[in-house]
Amino acid sequence: MDGECGMWWNFVGRTQSEIETARKDWMEGSRFGEVKGYDGGPLPAPELPPLPLKARGRVR
């Protein structure tokens, strides 16, 4: 990924909004595939912190 991005739990996005949307989609089961071979329901994503996430650039 070029440019800055943010990460929270298993989600990566260019903006806080993208990560919030990914979390919502995960919790609703509307966007991500099924994990085969796992006996149990999806793990719930933790709540996002009350502070804005900090985007970080790639370090080489």
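Residues numbered from 1 in each chain as written. Predicted model: local features only at pLDDT ≥ 70, side-chain atom pairs only at ≥ 80, totals over all residues. Heavy atoms only, no water.

(A) Expanded view of helix H1 (residues 16-28). Look at H1: 18 Å from first C-alpha to last across 13 residues, which is about the 18 Å you get at 1.5 Å a residue. Every buried residue of H1 is listed here: Ile19, Ala22, Arg23 and Asp25. Down the axis, H1 shows its buried residues gathered within 165° of arc, on one side only. Against the buried residues of H1 lie strand S1 (6-8) and strand S2 (11-13). (Helix = DSSP H or I, 4+ residues; strand = E, 2+ residues; numbered from the N terminus. Expected span 1.5 Å × (residues − 1). Buried < 20%, exposed > 50% of the residue type's maximum accessible area, 1.4 Å probe, protein only. Arc of directions from axis to C-beta. Contact = heavy atoms within 4.5 Å.)

(B) View of a nonpolar patch on the surface. A contiguous nonpolar patch, built from Val35, Tyr38 and Leu43 and spanning about 320 Å² of accessible area, is present on the exposed surface. Position of leucine 43 among the secondary structure elements: in the segment after H1. (Patch = residues over 30% accessible without salt bridge, like charges linked within 9 Å, V, L, I, M, F, W, Y side chains within 5 Å. Areas by Shrake-Rupley, 256 points an atom, 1.4 Å probe, with all protein chains shown as cover. Salt bridge = Lys/Arg side-chain N within 4 Å of Asp/Glu carboxyl O.)

In short, shape yes, function no, at least from these values alone.
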